[in-house]
Amino acid sequence: MQFSDQKITIVKIEQIYDNYNRPIQYLRLAVTDRCNLRCFYCMPEHMQFVPKQELLTYEEMERLASILAPMGVSKIRITGGEPFVRRDLLPFLDRLVNIEGVTQLNITTNGVLTWKYMKQLKEIGVHTLNLSLDTVDKQRFFEITRRDTFDDVIKTLHTALDYGIQLKINAVVMDGKNTDDILPMAELAFKYPVDVRFIEEMPFNGQGRSNDRFKWDYLKIIQTIKDRYPEMERVKDSNHSTSTNYHIPGFKGNVGVIPAFSRTFCGQCNRIRVTALGMLKTCLYDDGVFNLKKLMRNEKDDGEIRQQLIRIFSNRAKDGFEAEEKRAPGKPANESMSTIGG
Ligand code: SAM
């Protein structure tokens, strides 16, 4: 009989908690700040991206994930910018899923290029794709994204369904732009086994905050769907879910709202973010609480990085309002989501 000479490593997982006793279990990792769309609510048309050498390398990101996994971070979401515009993404994903303690890998994508890689994503074991799509109308898609790639995004939707990859569709609701899309978007969950979630628009547009938006909070969005489907019923949300979810009888998937601007879910928050530049964020609304790239490039060992992470997690803001208040003076919460890692 042949025995594999592969080393067996047993990693002890010790769940880390923050100062409000919330477990840190979920890492959102931005692999790039670049994007092949220019959604007006996310970034200006002429966006300044950072030089590539300032991005974390795949090796640095893998190292961070390997330090965080034994601390209880078992779920990783790859985001950006658009993850699929960064070269050699797939081998990196394959390495991530093989980190001991990582049990779930998800990706947030705009779907422009994603359909090409669906077979490999299935083989790697990607659990869920979150597909960003704000309208079912091709012309409106162009007006929102400033790019003519609606058909590619729809192709990603169908290809993911063909490969049996779980799909969540995320739509940002923008006053005066796509509120007519709320019902047709919700009805995608009638046609297909997908969950459709509506996100409140946030000020992260890279251009400063505009006051004529933010009229559509989660209550108004849900009421709009309820007016058409009064039989809609509340379903149990998964642990630490940011969305409040509903089922409409006869629909294949659920619909939900994400109160990203109202920030009603912070008490349950188990997530942290690492931006493409290597800044650690313990809240979407903070302005970066620690420069992990600097620490790693100063040749600190894993133990020192772990100690810094423990220190930061024990000083986490209570909620998104406190995190916003603590931002440095003159740095309002209006940077682009593509630099934050959405
Ligand atoms: N490129 C990928 C995508 O499109 O899904 C990942 C990055 S994108 C920044 C992540 C998510 O952030 C998308 O669902 C996008 O709609 C959302 N987003 C961007 N700007 C936003 C804003 N100002 N308010 C709310 N959501 C926003």
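Calculation rules
Residues numbered from 1 in each chain as written. Predicted model: local features only at pLDDT ≥ 70, side-chain atom pairs only at ≥ 80, totals over all residues. Heavy atoms only, no water. Buried < 20%, exposed > 50% of the residue type's maximum accessible area, 1.4 Å probe, protein only. Helix = DSSP H or I, 4+ residues; strand = E, 2+ residues; numbered from the N terminus. Contact = heavy atoms within 4.5 Å. Pairing = 2+ DSSP bridges. Right-handed = clockwise from strand over helix to strand, strands pointing away. Near = heavy atom within 4 Å. Polar contact = N/O pair within 3.5 Å; in protein donor to acceptor, adjacent residues only side chain to side chain. Areas by Shrake-Rupley, 256 points an atom, 1.4 Å probe, with all protein chains shown as cover. Nonpolar A, V, L, I, M, F, W, Y, C, P; charged D, E, K, R; others polar. Core = buried A, V, L, I, M, F, W, Y, C linked by side-chain atoms within 4.5 Å. Salt bridge = Lys/Arg side-chain N within 4 Å of Asp/Glu carboxyl O.

Observations regarding helix 1 (residues 58-68)
Side chains that are three or four residues apart share a direction in an α-helix, a result of its 3.6 residues per turn. Within helix 1 the residues assigned to the buried category are Tyr58, Glu60, Met61, Leu64, Ala65, Ile67 and Leu68. Where helix 1 is buried, its residues contact strand 1 (26-30), strand 2 (75-79), helix 2 (89-97), strand 10 (271-274), helix 9 (292-297) and helix 10 (302-313).

Looking at the sheet that holds strand 9 (residues 255-258)
Backbone hydrogen bonds hold the strands of a sheet together, and the pairing may be parallel or antiparallel. Strands sit in the order 7-8-9-6-5-4-3-2-1-10-11-12 across an open sheet of twelve strands; the sheet is mixed. Both outer strands of the open sheet, strand 7 (233-234) and strand 12 (290-291), are each paired with one neighbouring strand and no more. Sheet topology note: the strand 3 (residues 104-109)/strand 4 (residues 128-132) ladder contains four bridges and is parallel. Pairing of asparagine 106 across the sheet is with threonine 128, part of strand 4.

Some remarks on the pairing of strand 2
Of all five residues in strand 2, four are buried; the element is thus mostly enclosed. Examined bridge by bridge, strand 1 and strand 2 share five bridges and lie parallel to one another. Its bridge partner lying in strand 2, alanine 30 is registered against threonine 79. As for the winding sense of the linkage, the β-α-β connection from strand 1 through helix 1 to strand 2 is right-handed.

Here we look at the site of the ligand
In the neighbourhood of the ligand, 17 residues make up the surrounding shell, with Tyr41, Gly81, Glu82, Ser132 and Met202 lying closest. Note that a nitrogen atom of the ligand is positioned 3.0 Å from one of the side-chain N or O atoms of glutamate 82. Here phenylalanine 204 contributes a backbone N or O atom positioned 3.3 Å from a nitrogen atom of the ligand. For the ligand, whose accessible area on its own is 550 Å², the fraction buried by protein is 95%. Considering only residue class, the shell around the ligand consists of six nonpolar, eight polar and three charged.

Overview of the nonpolar core
Ile78, Phe92, Leu93, Leu121, Phe198 and Phe313 are the most contacted members of the largest nonpolar core, which totals 102 residues. With six residues, helix 1 is the largest single contributor of residues to this core. If sequence neighbours within four positions are ignored, isoleucine 78 has contacts with Leu29, Val31, Pro83, Leu89, Phe92, Leu93, Leu96, Leu105, Asn106, Ile107 and Thr108.

Focus: the pattern of salt bridges
Applying the stated criterion to the full structure yields 20 salt bridges. Through salt bridges with shared partners, one network takes in Asp18, Arg22 and Arg316.

These figures come from the coordinates and say nothing about function on their own.
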